[in-house]
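An overview of the molecular structure
Listed below are the residues making up each chain.
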Amino acid sequence: MKNEMLYAAIGAADDGLLNRCESRVKDNPRPIRRRHWAWVLPTAACLALVVAVTAIFGNNLGWFGSTIYTAELDGGTLSFYKSSTPDAACYAYAEGEDVSMRSLTQEEREMLYFDAFGDLDFYAEGAFALGDRWGLDTTLIHVTAGSGSDGSDQGYDDVSTKIIMSQDGNSIAEMQATKQFQHMASVINGVQVSAGYFITHENSRGERSVIYMASYEVNGNNVYIECGGSLERSDEIRAEIARITETLTLNSGLNLMSIVY
């Protein structure tokens, strides 16, 4: 619905209608008695207008400054909604839980990430539980990969990328920034993807950063993707996470159970 429809709704009470109402009142010889419920009609009219305005503005989030960005991909259109919270995905171990980490093999990297990182160097490692919180000993908790941090290649001019994958119920503890958009998920390569972004406040140097996030579930596995960097590079960062998302959603056969200790 567009704003012209709002104007049309408000202007529906034209002069002809008002004149007819006035004539009927003049032709009625009986005195008009004010009743204690006379406020109902104008109140109802106001409520109707509020509902109309809510319906119009509620479907145009950009009118309130909540800009929606989109990325056109071969596999569909990915929409990024502005997040009200900076929460990104993280993972946490149970207190006192023994965990062992190991780097993924080249074969495992290719199986999970395809060419999501392009020619960039990136770290990729798995976390395995040595207790029984997630199951038997050496149960995989999650795998994580990234560039632009942990001393690895800085990638696209200091744009950092992080990808976390886990089996259902096994690890990704916080994904609020994308969960709030699940009802508006995009469909990329047949997979429902929730995506959002968050812009930080200025730091002491007057700089601001933007973090783009995308998450989806496929074949019983959760996938979270995050790209961040300078707000000035927002368009490039958005294009990069869109490319990564499209690449990873092609892996419909993702199987984390094959990653063993």
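Structural notes, computed from the coordinates. (Residues numbered from 1 in each chain as written. Predicted model: local features only at pLDDT ≥ 70, side-chain atom pairs only at ≥ 80, totals over all residues. Heavy atoms only, no water.)

**Looking at the overall build of the protein**
The number of helices and strands found in the protein is six helices and twelve strands. For the protein, with 261 residues in total, the buried portion stands at 37%. In the protein, once contacts between residues fewer than 6 apart in sequence are set aside, the share between residues at least 24 apart is 61%. When the accessible surface of the protein is totalled, it reaches about 15,600 Å², and 51% of it is carbon and sulfur. (Helix = DSSP H or I, 4+ residues; strand = E, 2+ residues; numbered from the N terminus. Buried < 20%, exposed > 50% of the residue type's maximum accessible area, 1.4 Å probe, protein only. Contact = heavy atoms within 4.5 Å. Areas by Shrake-Rupley, 256 points an atom, 1.4 Å probe, with all protein chains shown as cover.)

**Quick notes on the side chain of S100**
Inspection of the secondary structure puts S100 in strand β4 (residues 99-103). A polar side-chain atom of S100 sits 3.0 Å from a polar atom in the side chain of Y261. (Polar contact = N/O pair within 3.5 Å; in protein donor to acceptor, adjacent residues only side chain to side chain.)

**Remarks on the packing of aromatic side chains**
All told, the structure shown has seven aromatic pairs when counted by the stated rule. On the basis of an interplanar angle of 35° and a centroid distance of 5.6 Å, the ring pair of Y197 and Y212 is categorised as tilted. Of the two residues, Y197 is situated in strand β10 (residues 191-199) and Y212 in strand β11 (residues 209-218); the sequence distance between them amounts to 15 residues. Grouping residues by exposure puts Y197 and Y212 together as buried. The rings of Y69, F80, Y197 and Y212 are connected pair by pair, giving a single aromatic cluster. (Phe/Tyr/Trp six-rings, centres within 6.5 Å; stacked < 30°, edge-to-face > 60°.)

**Some thoughts on helix α4 (residues 106-113)**
Buried within α4 are the following residues: E108, R109, L112 and Y113. Down the axis of α4, the buried set is contained in an arc of 100°. They therefore lie on one face. Of the exposed residues in α4, the ones pointing more than 90 degrees away from its buried face are Q106 and E107. Two residues or fewer after α4 comes F114, characterised by a positive phi angle close to 50°. (Arc of directions from axis to C-beta.)

**Focus: the pairing of strand β12 (residues 221-230)**
In terms of residue burial, β12 counts as a mostly covered element, since nine of its ten residues are buried. Bridge analysis of strand β7 (residues 160-167) against β12 gives eight bridges, and the strand direction is antiparallel. Paired with S166 across the two strands is N222, which belongs to β12. As defined by bridge partners, β11 adjoins β12 across ten bridges and the pair is classed as antiparallel. Considered in β12, the bridge of V210 is made with G229. Between β11 and β12, which pair antiparallel in sequence order, lie two residues; one of them, N219, sits at a positive phi of approximately 55°. (Pairing = 2+ DSSP bridges.)

**Notes on the nonpolar core**
Core analysis: the largest hydrophobic core is formed by 39 residues, its most contacted members being L112, Y113, V143, M165 and L248. Apart from residues no more than four positions distant in its own chain, Y113 is found in contact with L104, F122, A124, V143, T144, A145, I163, M165, T247 and L248. (Core = buried A, V, L, I, M, F, W, Y, C linked by side-chain atoms within 4.5 Å.)

**A short note on the side chain of E246**
Examined against the element boundaries, E246 turns out to sit in helix α6 (residues 234-249). R243 is the oppositely charged side chain nearest to the buried, salt-bridge-free E246, at an N-O distance of 8.4 Å. At 2.7 Å, the side chain of E246 and the backbone nitrogen of G75 are in polar contact. If sequence neighbours within four positions are ignored, E246 has contacts with L73, D74, G75, I188 and N189. (Lys, Arg positive; Asp, Glu negative; His and termini not counted. Salt bridge = Lys/Arg side-chain N within 4 Å of Asp/Glu carboxyl O.)

Purely geometric numbers; function is a separate question.
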